[in-house]
Structures are given as C-alpha cells and as structure tokens.
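# Coordinates in review
Chain by chain, the residues run as shown.
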Amino acid sequence: MGSIKYISRLFQPTITIPKNAKIKNTEITCKSQKLLLELGLVRPTSSGLLALLPLARRAIDKLEVLVRQSIEEAGGQRLSLPALTPAHLWEKTGRLQDVGPELVNLQDRHGHKYLLAPTHEEAVADLLADVAPLSYKQLPLLLYQISNKYRDEHRPKHGLLRAREFLMLDAYGAHAHEQCARDIYRKVGEAYSKLFDALHLPVYRVEAPSGDMGGSLSHEWQVCARAGEDLIEICPSCSHAAIPSQGKQCSRCGSETDTHSCIEVGHTFILGTKYSEPLKAQFTSSSGVSEPLIMSCYGIGITRLLAASLEALSTDTCLRWPRPIAPYSAIIIGPKEGSKEWLSHADSIEQVYHQLDSIPSLRGDVIIDDRHNMTIGKRLMMADRLGFPLAVVLGKSMYSGQVEVYRSTPGRQFESQLMTLQQMNEERTAINN
Ligand SMILES: [Zn+2]
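Every value quoted in this text rests on a predicted model; they were computed, and no experiment measured them.

Attention now goes to the coordination of the zinc ion. Of the protein atoms, only C235 (SG), C238 (SG), C250 (SG) and C253 (SG) coordinate the zinc ion, at distances of 2.2 to 2.4 Å. In this structure, the zinc ion is surrounded by four donor atoms whose angles at the metal cover 100 to 121 degrees, and the resulting shape is tetrahedral. We note that the donor set of the zinc ion lies within a single chain, spaced as C-x2-C-x11-C-x2-C. One end of the pair, C235, is in the loop between β12 (230–234) and β13 (241–242); the other, C253, is in the loop between β13 and β14 (258–272), with 18 residues separating them in the sequence.

Shown next as structure tokens:
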C-alpha cells in the first residue's frame, strides 16, 4: 500500500460541530457520524450521500481485503455486474412492486427502464439463465461482487449506517439441491464468524424470518451498539441471540434474556427457486432433466460494518477501530520545533519511522505528525481522537534513550508505556498486536 508519510500532506478537512448545530445536508444523530465528520474522514455531499475521504478510504480498503479473503475461503469467485439492472427483471420476480419506493429508478434515452440495484438476485439469476443450461457437474457455484449499492431511503440518517449509496459484499450461491445449498450456507456462515472474530466485534447470529427475499432459511448478523435500530434478545448464560418474540426466556437454556440495540451488518438466505423459477435459471440434473437452480445469497454491508464497529468500540470523543482496519497502524510524534528536545532529537524522527516501517505488518502504514509547531500534548490528543492503535512519542524521555509508546484500546483513552528504541525493536510482536 503506497501512502502519505506526513500528516501535514493528508487531505483531512476537520471541523468543529457546535452542540445542537444543523450541518449542511445532514443531521448528526450518532457518534460514528459525528466523529467521522469532525475528524475529516467523511463529508456529506447531499442527503444520505457521503464522500469517503482518504483516512476512511484506507480503512474501507483494509476491510474490503478481509471480506474478500473470507468469502474466497468459502469458495467465492469474484465478478462484477453493472450497477444498472433492467427493471423488467424485477417485474418478473414481483419485487419492482414489493420494494417500490426504495428503488432508484431511471430511464435511458430510448425509454428503457432501469434501476440502480440495491441487490442483484435478479441480475445473477438472469446471467445464469443466459449461460444455461448449466450441468449439475458445474455446481455448486458461489459468485460474489463488492460494489456500491443504492437504496432511496425515505429518511437517510446516521451517516454511513443508513446511506443511500453504500458499499456491499453480495454473494450468490447456485445449487442443484437444498442439501448442497445448506452446505455452502454453513461454510459462508463460518467465514462470516471468522471475519467478525478477526475484527474483535461482538457480532451475534440471529435466526430471522426470510421476509420479502423468500426462501427457507435466513440469519441476520447483528453488532450490539447503542445507535442500532434493531433489537435482539441475548441470553446472559449461554449467549444465544434471537429476535424479540413474546417471552423473554432463552429458547436454549431457559434463562431470562436481555434486550440489546444492534446494527445489522450481514445477512444470509437460502432463497430456493424464488428467483430462478421466474427468470428461468436452470440446470441439467444427473438424469438429464432441466430444473430450476436452488439459490442462496449472502450480504455484508461494508461501509455499514465500518460505522457499526466505530459505534461499538469508540468513546464519545475518540474513534476506536478494530485493530486490522485502522487507517494507519502507527503515528510518530516528535518534539515541538524550537524546544530543547527538538535540538537534540529531531533527527531521531526519521530513524524511528524507518524502524517501525521495516516491521512487515506496518510497512506503508506508519505516518509522522510533522506539525511541529504544535506541542506534543496537542498532537497526542489528536492522535488519541483519531484512534491510532499505536502512537510513538519522542519527548523528554529521549534523554534517557526511551520513547513513550501509547496504545489505544476499545472504549478507553490512550495508555502509555516507556520503551527504549532497542526494546521497541525487540517487541515487534507486541507492537504488531
Ligand atoms: Zn440461554
């Protein structure tokens, strides 16, 4: 990853939002939205539409890599479908009416109707129909894409949590029979769990009604966070999670459950033939008969997952990232220009930079706060707010050959430790974690 080395070069238009302020194009309703905007990581362009600025883009790029790894481990093959889907495909499945006002509709110069797709079941089924007949020997197939999706939210809010354009992983399984669909479904579920574990996020898998997607089996993946608009019941004894029903008793162990607000970051469905039948996506079975494919689908809202993890981990004033997706892993803060320490230690800044940058997992992921006209304290406070997993300060302790190392942890302020450069070198693994 190539990257900017000095903070002064970074495009990061920070602003201060006064209490109860009305901001152009947007209303501030949750902390990820407030912090991302204040700290210059996103900028609303119009209602429910946001520019992702360089720091946010870096985090999303890292998250995208993790998401790709996880779906490819489950056997996914990447493709890209056009963002525009012909409206007549959605007419055939009945969803043009069902989803109706949430669709962004448009028309080309010939009067052909399209929609900016919020999801691609129809487009995938149409593609599979177009290449038909698939042989049962080619199945199962798991096709995925990572692209921007569109939903004309009645009331977009919470910044990246409910935007009208959002980045999504969407994967589609094609199977010869239900059992095969269930096998892939389980594999993708395991890949999801691994991904959320790697992000150290409290994500719960909840059995869900299949709703307007149709089909036989469905789960939601929910992150617990105050800003969430969904509710789930979590059992304090066995951690089983379920959507709220009449009782507050855990269906698994009988204990009383607690209600939590949460944010849906992923879903999985076995769709059956709801899309393959009307769109004639068929395969040839082992006995030579044409049958509709059994389909499944899998989604992860990537921009939403980023915002949800910030909701779950940040304090009210400081961003906190899942360690693997922090925009930069480390920042180096040198002495204030003109100070006594500046005269003796300014040269060490580049030296420490090269030392950190030579750690493989930190390569291209370290930045120097070169705003040396500011005090160390001021810059450290800003680093704390941005949530750098690691901040290395070259201050007074340099006289005894030590740097101050600050680590950020979810929900907490910076915690510091003194280390010699030699120790820092030896503790590469500790720094890596
Ligand atoms: Zn229980």
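Let us keep going from here.
The next thing to look at is the domain arrangement of the chain. Splitting the chain by domain gives domain 1 (7–313) and domain 2 (328–432). Summarising the inter-unit geometry, the C-alpha centres of domain 1 and domain 2 are found 38 Å apart. With 12 residues of domain 1 in contact, the opposing surface of domain 2 contributes 15 residues. Overall, the association of domain 1 and domain 2 removes approximately 1,100 Å² of surface from exposure, summing both partners, and the carbon and sulfur fraction of that is 56%. Of all residues in domain 1, I7, L39 and R58 give up the largest surface area on contact with domain 2, accounting jointly for 51% of the area buried on that side. Across the pair K62 and D365 runs a salt bridge whose closest N-O atoms are separated by 2.8 Å.

Next up on the list: the environment of E153. Following the sequence through the fold, E153 ends up in the loop between β8 (141–150) and β9 (165–175). For the pair E153 and T284, spaced 131 residues apart in the sequence, the C-alpha separation amounts to 40 Å. Residues within four places of E153 in sequence aside, it is in contact with R162, A163 and R164. Engagement of the side chain of E153 in a polar contact is seen with the side chain of R162, the distance being 3.2 Å.

Before going further, it helps to examine helix α9 (residues 348–357). In terms of residue burial, α9 counts as a mostly covered element, since seven of its 10 residues are buried. Among the residues of α9, those classed as buried are S348, I349, V352, Y353, Q355, L356 and D357. Where α9 is buried, its residues contact β18 (330–333), α8 (340–345), β19 (366–369), β20 (390–393) and α11 (421–426).

A few words on the pattern of salt bridges. Following the criterion strictly, the structure yields 26 salt bridges and no others. Between E27 and R155 there is a salt bridge; the shortest N-O distance is 3.9 Å. Taken together, the positions of E27 in the segment before α1 (31–38) and R155 in the loop between β8 and β9 put the pair 128 residues apart, joining distant regions of the chain. A relative accessible area of 43% means that E27 is categorised as partly exposed. Residues joined by salt bridges that share partners form a network here, namely R57, D61, E64 and R78.

Before going further, it helps to examine unusual backbone geometry. Working note: non-glycine residues mostly have negative phi, and peptide bonds are mostly trans. Across the junction of A132 and P133, the peptide omega takes the value 0 degrees, indicating a cis bond. Residue P140 follows L139 across a cis peptide bond; omega there is 0 degrees. One non-glycine residue, S239, lies in positive phi territory at about 65 degrees. The topology assignment puts S239 in the loop between β12 and β13. The phi dihedral of K280 is positive, around 60 degrees, even though this residue is not glycine. Within the element layout of this structure, K280 appears in the loop between β14 and β15 (282–284). A relative accessible area of 57% means that K280 is categorised as exposed.

The rules behind each value
- Residues take numbers from 1 onward in each chain, read along the sequence in its written order.
- With pLDDT at 70 or above as the cut-off, local features in this predicted model cover only qualifying residues; side-chain atom pairs require 80 or more to be listed or tallied, and sums for whole chains, interfaces and linings still use all residues.
- For side-chain calculations, the full set of non-hydrogen atoms in the structure is used, while hydrogens and water are omitted.
- In this listing, donors mean N, O and S atoms no farther than 2.8 Å from the metal, or 3.2 Å for Na, K and Ca; water is missing from the atoms, so a site can look incomplete.
- A site with four donors is called tetrahedral when every donor-metal-donor angle falls between 85 and 135 degrees; four donors are called square planar, and six octahedral, when opposite donors sit more than 155 degrees apart and all other angles fall between 65 and 115; any other arrangement is irregular.
- Labels follow the DSSP assignment, with helices taken as runs of H or I lasting at least four residues and strands as runs of E lasting at least two, numbered in each case from the N terminus.
- Each domain's extent is set by a domain assignment, obtained either automatically or from a database.
- Should any heavy atoms of two residues lie within 4.5 Å, those residues are counted as being in contact.
- Defined here as a combined quantity, buried area equals the accessible surface (1.4 Å probe) lost by two parts on assembly, summed across both.
- A carboxyl oxygen of Asp or Glu within 4 Å of a side-chain nitrogen of Lys or Arg is what we treat as a salt bridge.
- Any pair of nitrogen or oxygen atoms within 3.5 Å is treated as a polar contact; in protein, a donor-acceptor pairing is required on top of that, and neighbouring residues in sequence qualify only through side-chain atoms on both sides.
- Only protein chains enter the accessibility calculation, which uses a 1.4 Å probe; a residue whose area is less than 20% of its type maximum is buried, one above 50% is exposed, and one in between is partly exposed.

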